[in-house]
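An overview of the molecular structure
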Amino acid sequence: MSDKNQLQVEAIRHGSVIDHIPAGQGIKILKLFQLVETQERITVGFNLKSGALGKKDLIKIENTRLTEQQANQLALFAPKATVNIIEDFNVVKKHQLALPEFIAGVFHCPNSNCISHNEPVESYFRVREVKGAVRMKCKYCEKSFTQDIVSERY
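Since this is a predicted model, take the numbers as computed values, not measurements.

Rules behind the numbers
Residues numbered from 1 in each chain as written. Predicted model: local features only at pLDDT ≥ 70, side-chain atom pairs only at ≥ 80, totals over all residues. Heavy atoms only, no water. Core = buried A, V, L, I, M, F, W, Y, C linked by side-chain atoms within 4.5 Å. Buried < 20%, exposed > 50% of the residue type's maximum accessible area, 1.4 Å probe, protein only. Helix = DSSP H or I, 4+ residues; strand = E, 2+ residues; numbered from the N terminus. Contact = heavy atoms within 4.5 Å. Pairing = 2+ DSSP bridges. Axes fitted to C-alpha atoms, helices over the stretch in contact; angles between N-to-C directions.

A few points about the nonpolar core
Counting 31 residues, the largest nonpolar core has Ile18, Ile29, Phe33, Leu35, Ile103, Phe107 and Phe125 as its most contacted members. Going through the elements one at a time, strand 1 (15–22), helix 2 (26–32), strand 3 (54–62), helix 3 (68–74), strand 7 (124–130) and strand 8 (133–138) are the ones with two or more residues in this core. When residues no more than four places from it in sequence are discounted, the contact partners of Ile29 are Ile21, Gln34, Leu35, Ile59, Leu74, Phe77 and Ala78. Grouped together as the second largest cluster of nonpolar side chains are 5 residues, Ile12, Val17, Leu58 and Ile86 included.

See below:
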């Protein structure tokens, strides 16, 4: 393969790479997980060619190491994504994504009557998979939602 076809996005020295994001989900992940708030350089690729997915999105965040918990939260929108930790341009760790048991402080409850809108509490959802669909149940109002409904507010 020629150099022209190999590097579509510049390599990073230290940080995290979220790869194999389904096309169109990258911008949602950037917003929902407030990745742009890091003040670090972020390189994003949308609709990149992918053998496995056809098209994919990619996010590279310099000088930021995503934890396993943070990586697992990404599994809500990109279950087959990979999160690589980079040091000196080399992959030193790969997070294997799995749905988290809970997710806190990322989404607001879509139920406008939920107490979490009027009290100084952090949102908290239990996460489970039901018949292949991801469901999130609010700790406070106990209503259950799909991840798409919860994330629509962003």
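Picking up where we left off.
Re the sheet that holds strand 3
The antiparallel open sheet is built from 5 strands, whose spatial order is 2-3-1-4-5. The sheet is open, and its two edges are formed by strand 2 (42–50) and strand 5 (90–95), each paired on a single side. Here the strands of the sheet are splayed against their neighbours by 25° on average, with no regard to which way each runs. Sheet topology note: the strand 1/strand 4 (residues 82–87) ladder contains 5 bridges and is antiparallel. Bridge assignment links Gly15 to a residue of strand 4, and that residue is Ile86.

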